[in-house]
Structures are given as structure tokens and as C-alpha cells.
Amino acid sequence: MYPDDLLYTSEHEWLRTPGEAEGSVRVGITHYAQDALGDIVYVSLPELGETLEAGSTCGELESTKSVSDVYAPVSGEVVARNESLDATPELVNNDPYGGGWLYEVVPSDAGQLDGLMDAATYEASLES
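All residue numbers refer to position in the chain's written sequence, counted from 1. The predicted nature of this model means local features are confined to residues of pLDDT at least 70 and side-chain atom pairs, given and counted, to a pLDDT of 80 or more, with totals for whole chains, interfaces and linings taken over all residues. No hydrogens and no water enter the side-chain calculation; it runs on all heavy atoms of the structure.

Enquirer: Give me the nonpolar core: which residues, what numbers.
Expert: As used here, the term nonpolar core means buried Ala, Val, Leu, Ile, Met, Phe, Trp, Tyr and Cys residues forming a set that is joined through side-chain atoms within 4.5 Å. Categorising residues by exposure relies on relative accessible area from a 1.4 Å probe, with only protein chains included: less than 20% of the type maximum marks a residue as buried, more than 50% marks it as exposed, and the intermediate range marks it as partly exposed. Of all hydrophobic cores here, the largest spans 23 residues; its most connected members are Val 43, Leu 61, Leu 102 and Tyr 103. The set of elements that each furnish at least two residues to this core consists of β3 (25-29), α1 (31-37), β4 (40-44), β6 (57-63) and β9 (103-107). Secondary structure elements are taken from DSSP: a helix is a run of H or I of four residues or more, a strand is a run of E of two residues or more, and numbering for both begins at the N terminus. Looking at which element gives the most residues to this core, the answer is β3, with three residues. When near neighbours in sequence (up to four residues on either side) are disregarded, Leu 61 contacts Ile 29, Leu 37, Ile 40, Tyr 42, Val 43, Ser 66, Val 67, Ser 68, Val 70 and Leu 102. The criterion used for residue contact is that any of the two residues' heavy atoms lie within 4.5 Å.

Have a look at this one:
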């Protein structure tokens, strides 16, 4: 349920390295997060070229239950957005680790990834 090749945050986001763009990481939300949110009906993502600061709000996921903020897991520049989510936001629910990815960012410092959780640590955090 939580792929071993990803890194995870306490805000229930995942990062895949490398992303499609050179030096980037791909960001999405976990199965746990999409399940808690319910049916996603609208996705707001950061703009291309936007500089994000780790921990800051950079988007929103609107579901039939609520609106939830998306937080930047690392500082850096946004280099790709999943434009497919404009027409099919339900991809976040149906394929959170594939077609439901949110955006890609080039970290300003690759060392930021060192503080993230592996799959086993993330899963253990859900049980506590």
C-alpha cells in the first residue's frame, strides 16, 4: 500500500526521486491521505517556476468532504504540474502513486530529502 521506492512526510505526501525533469522530485499524496479526504473534485497546484518553501502551503485538494492544503515537502522551484488533474481530479483517488501525482520540484538543497521517512517508518507513524 506504501511503495518502498518513495519517501514520505508527516503531512501524508510522497516524493519519488528522480522525477521526470532533471534534478526534480515528483510529489503526490499517500493512499492514506486520499482515503481520508474522500472523493477529490478539484485540485489547485503551484504554478510553473514558483519557488516553494518547505512546510508552506502550495496548493489545495477539494473533496466532497472538505478542502485540504497541500504543503511543500522541500524548498525549491516547481518544474512540472500534473495538468491532467484539471479535467480528472479523481486520478488522485484512483492512482495516488501513478497518474494522480501533483507536481515536480527541483530541491534547492538535495540534503532536504534526508529528513524524510521511508515506507516502513511512514506506515509505523500511521499506527501510533
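Enquirer: Outline the side chain of Thr 30, supporting the account with residue identities and numerical values.
Expert: The topology assignment puts Thr 30 in the loop between β3 and α1. Accessibility expressed as a relative area gives 0% for Thr 30, which makes it buried. As used in this structure description, the phrase polar contact means that two N or O atoms lie within 3.5 Å; if the pair is within protein, one of them must be able to donate a hydrogen and the other to accept it, and residues adjacent in sequence are counted only when both atoms belong to side chains. A distance of 2.9 Å separates the side chain of Thr 30 from the side chain of Tyr 122, its partner in a polar contact. Contacts of Thr 30, omitting those with residues within four sequence positions, involve Tyr 2, Tyr 8, His 12, Glu 13, Trp 14, Tyr 97 and Tyr 122.

Enquirer: If you had to explain a negative patch on the surface to someone new, which residues and values would you point to?
Expert: On the surface, a cluster of negative charge is made up of Asp 4, Asp 118, Glu 123 and Glu 127. Relative to the elements of secondary structure, Asp 4 occurs in the segment before β1 (7-8). Exposure above 30% relative accessible area and the absence of a salt bridge qualify a residue for a patch, where like charges join within 9 Å and nonpolar side chains (Val, Leu, Ile, Met, Phe, Trp, Tyr) within 5 Å. All accessibility values rest on the Shrake-Rupley procedure with a 1.4 Å probe; residue burial counts only the protein chains present in the view. Salt bridges, as used here, are contacts in which a Lys or Arg side-chain nitrogen is within 4 Å of a carboxyl oxygen on Asp or Glu. Counted as positive: Lys and Arg. Counted as negative: Asp and Glu. His and the chain ends are not counted at all. To locate a charge, take NZ of a lysine, CZ of an arginine, CG of an aspartate or CD of a glutamate.

Enquirer: Quick rundown of unusual backbone geometry? Include the residues and the values.
Expert: Along the chain, Thr 17 connects to Pro 18 via a cis peptide bond; the corresponding omega equals -10°. Tracing the backbone through its elements, the reader meets Pro 18 in the loop between β2 (13-16) and β3. Here the phi dihedral of His 12 falls at roughly 65°; this positive angle occurs in a residue that is not glycine. Take His 12: it is sitting in the loop between β1 and β2. Overall, His 12 belongs to the partly exposed group, its relative accessible area being 23%.

Enquirer: Pulling in residues and values, what's your account of the environment of Leu 52?
Expert: Tracing the backbone through its elements, the reader meets Leu 52 in strand β5 (residues 51-52). Separated by 56 residues in sequence, Leu 52 and Ser 108 have C-alpha atoms that sit 9.4 Å apart. Setting aside residues up to four positions removed in sequence, Leu 52 forms contacts with Pro 46, Cys 58, Ala 72, Val 74, Ser 75, Gly 76, Val 78, Tyr 103 and Val 105.

Enquirer: Give me the lowdown on the sheet that holds β4, citing residues and values where you can.
Expert: The sheet built from three strands is open, its strands ordered β4-β6-β7 with antiparallel pairing. One side of each edge strand has no neighbouring strand; the edge strands of this open sheet are β4 and β7 (67-71). Strand-to-strand, the axes of this sheet are offset by a mean angle of 25°, without reference to chain direction. The pairing criterion for strands is at least two bridges between them, as found by DSSP. Looking at chain direction, β4 and β6 are connected through four bridges and run antiparallel. Within β6, the residue paired with Tyr 42 across the bridge is Glu 62. The axes used here are C-alpha line fits, helices contributing only the stretch in contact, and every angle between their N-to-C directions lies in the interval 0 to 180 degrees.

From the geometry alone we can't say anything about function, so treat these as descriptive.
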